[in-house]
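Residue-level structural notes
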Amino acid sequence: VLELLRGMQRGSEDKKRSLSHLRRALQNKDTQQKFVRLDGSIQTLIGLFTSSLADMQMEAARCLHELSHSSDPAVAEACLPVTSYLLTYLSGHSVELTELCLYTLGNLVVESEAVRKQLLPQGIIPVLTSCIQSPHEAVLEGLGYVLSQFLQAKEAPTEIIPLILDSVLPQHMLQLVCSGLKAGTGAALEFAWCLHYIICSHTANMALLSLGALPALTSLLLNLASEIPQDAPEGLELLVCPVLRCLSNLLAEETGCEVQIQDERLLIALFLILQCFLQQHPFIAQECLWLLNNLTADKPFFCSALFSLDLLPALLQLLPCSQMASVLVLTVLCNIAEKGPAYCQQLYQQPALPLLLPTLMLPDPEVVGQCLELLHLLFLHWPEAAADFVRQGGHRALEQHQSTPELQERAQALLDMVRQPLGASAFGPCHTMLSAFS
């Protein structure tokens, strides 16, 4: 390593050859640590990185990029003097150099809070804002990578997102996601996850809503769902996932935003996506159910649409898919039942009861607990369901849970209801609006 450093300090041919060897050597973790400990190593690399010789500059940039891959925070902090130069070259004319600088910055940001804290006063957000105007996909993808690393930092909600909101970045990211994600571009995917991280912080949602994020992302999801082929190619789920999450989290805000989207096609899109990915990528089914839950949690529009589009049988079929799917399906059904007698009557006529009885027999307290909540709402609003429940032997299933500590009170309350269907409720209000996975 010392010999390579000496070679970098000699004549131009030695410099270039030594840089090339160093780049390969820096792929090794031990070499990275040894290099940054040598006196003058980073300064020498900076001198070559700022060289007027393009090939020398690119080779030095590749060495810095290799260093940035280190998982050792000490290596990242040794690169602190490089950050201002990396920012400077983001405004250069070389697409390849700009791309390399972006990924180097992104890697350094991941490993070191010190690097992140240095970059902010150096003006990284305004520089990244200028990069988003680039016509080059490679630059945009690298930009998305840097932003996504910044947005996952623990200090992002208080120190980074406010700066991003003061720029035009959110508006441009939204536009690029909606125009590029359908085509499957890497940049659009990176920006979709960036929007997700911003929304998960809950500090920017009103700003994004004012930019029209909800209708824009809804339209994008409709387009994605309408063009899913019968044999969905691997990787398509990665495009759909952040859009589902962004919509779910925006809807979880208590902003009255649900009135902005009353489009039955959104339900059809969700069930198309469910059908497509359920077997190979069950996590997408969970994402769809989170969104469906938040669509049905407040206003009755989507609850009514589930009946008018005859989608309830498809929803009920998801009950046995997994523990999480069971809980979410039951939560959606609770959202519907909460809307009152007319909705409970339709649930009863579907019929939902025969499918709920096997669910009551499951050993999972969370699933059974949500099932008890649904039965309470059904019996409260449609007493005929309680009588039918007893006829089908459901009371015996309830009796089995009288010895389960976390379920016994609710099970007993339901037993009291089926004996006196019009009795007073023993349950508190059902709170079902959920934030999607962060």
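The chain is annotated in an unreviewed UniProt entry as TMCO6 protein of Scopus umbretta.

1. Overview of the overall build of the chain
Each helix and strand in the chain was counted, giving 28 helices and zero strands. Here the C-alpha radius of gyration of the chain, 28 Å, is well above what a compact globule of 438 residues would show, namely 22 Å. Principal-axis analysis of the C-alpha atoms places the extent of the chain at approximately 95 × 40 × 40 Å. Intrachain contacts of the chain at a sequence separation of at least 6 include 74% that bridge at least 24 residues. Element-wise, carbon and sulfur atoms account for 52% of the exposed surface of the chain, whose accessible area totals about 18,500 Å². With 23 positive and 42 negative side-chain charges, the chain shows a separation of 9 Å between the mean positions of the two kinds.

2. Thoughts on the side chain of Glu59
Note on placement: Glu59 falls in helix 5 (residues 54-68). By relative accessible area, Glu59 is classed as buried at 10%. Apart from residues lying up to four places away in sequence, Glu59 is in contact with Leu19, Ser20 and Arg23.

3. Digging into the side chain of Ser167
Looking at the secondary structure, you find Ser167 in the loop between helix 12 (156-165) and helix 13 (169-180). Engagement of the side chain of Ser167 in a polar contact is seen with the backbone nitrogen of Leu169, the distance being 3.1 Å. Not counting residues within four places of it along the chain, the set of residues in contact with Ser167 comprises Ile125 and Thr129.

4. Focus: the domain arrangement of the chain
Accessible area lost when the parts come together is the quantity often used to give the size of an interface. When cut into domains, the chain gives domain 1 (1-122), domain 2 (125-250) and domain 3 (310-422 + 430-437). A C-alpha centroid distance of 38 Å is found between domain 2 and domain 3.

5. A closer look at the packing of aromatic side chains
Counted by the stated rule, this structure contains six aromatic pairs. Ring geometry for Phe307 and Tyr343: centres 6.5 Å apart, planes at 45°, overall tilted. Here Phe307, found in helix 20 (residues 301-308), pairs with Tyr343, found in helix 23 (residues 341-349); they are 36 residues apart in sequence, far enough to count as distant. Side by side, Phe307 and Tyr343 carry an identical accessibility label, which is buried.

6. Some details on the pattern of salt bridges
According to the stated counting rule, one finds 10 salt bridges in the structure shown. A salt bridge links Arg62 to Glu96, with the nearest nitrogen and oxygen atoms 3.2 Å apart. Here Glu96 lies in helix 8 (residues 95-111) and Arg62 lies in helix 5, a separation of 34 residues in the sequence. With relative accessibility at 26%, the residue Arg62 sits in the partly exposed group. A relative accessible area of 45% means that Glu96 is categorised as partly exposed. We note a salt bridge from Glu113 to Lys117, for which the minimum N-O separation is 3.7 Å. Of the two residues, Glu113 and Lys117 are both situated in helix 9 (residues 113-119); the distance of four residues between them amounts to about one turn of the helix.

7. So, the packing of helix 14 (residues 186-200) against helix 17 (residues 236-251)
At a minimum axis distance of 9 Å, the contact between helix 14 and helix 17 shows a crossing angle of 25°. With respect to helix 17, the element helix 14 is oriented roughly parallel. Two packed elements cross with a definite hand, and for helix 14 against helix 17 that hand is left-handed. Taking contact as the criterion, the partners of Leu189, Ala192, Trp193, Leu195, His196, Ile199 and Cys200 in helix 14 are, on helix 17, Leu238, Leu239, Cys241, Pro242, Arg245, Cys246, Asn249 and Leu250. Tallied by class, the residues present in the contact of helix 14 with helix 17 amount to 12 nonpolar, two polar and one charged.

Reading guide: rules and limits
- Residues numbered from 1 in each chain as written.
- Predicted model: local features only at pLDDT ≥ 70, side-chain atom pairs only at ≥ 80, totals over all residues.
- Heavy atoms only, no water.
- Helix = DSSP H or I, 4+ residues; strand = E, 2+ residues; numbered from the N terminus.
- Rg over C-alpha atoms; globule rule 2.2 N^0.38 Å.
- Contact = heavy atoms within 4.5 Å.
- Areas by Shrake-Rupley, 256 points an atom, 1.4 Å probe, with all protein chains shown as cover.
- Lys, Arg positive; Asp, Glu negative; His and termini not counted.
- Charge placed at Lys NZ, Arg CZ, Asp CG, Glu CD.
- Buried < 20%, exposed > 50% of the residue type's maximum accessible area, 1.4 Å probe, protein only.
- Polar contact = N/O pair within 3.5 Å; in protein donor to acceptor, adjacent residues only side chain to side chain.
- Domains from an automatic or database assignment.
- Phe/Tyr/Trp six-rings, centres within 6.5 Å; stacked < 30°, edge-to-face > 60°.
- Salt bridge = Lys/Arg side-chain N within 4 Å of Asp/Glu carboxyl O.
- Axes fitted to C-alpha atoms, helices over the stretch in contact; angles between N-to-C directions.
- Parallel < 35°, antiparallel > 145°, perpendicular 65-115°, else oblique.
- Left-handed = near helix turned anticlockwise from the far one by under 90°.
- Nonpolar A, V, L, I, M, F, W, Y, C, P; charged D, E, K, R; others polar.

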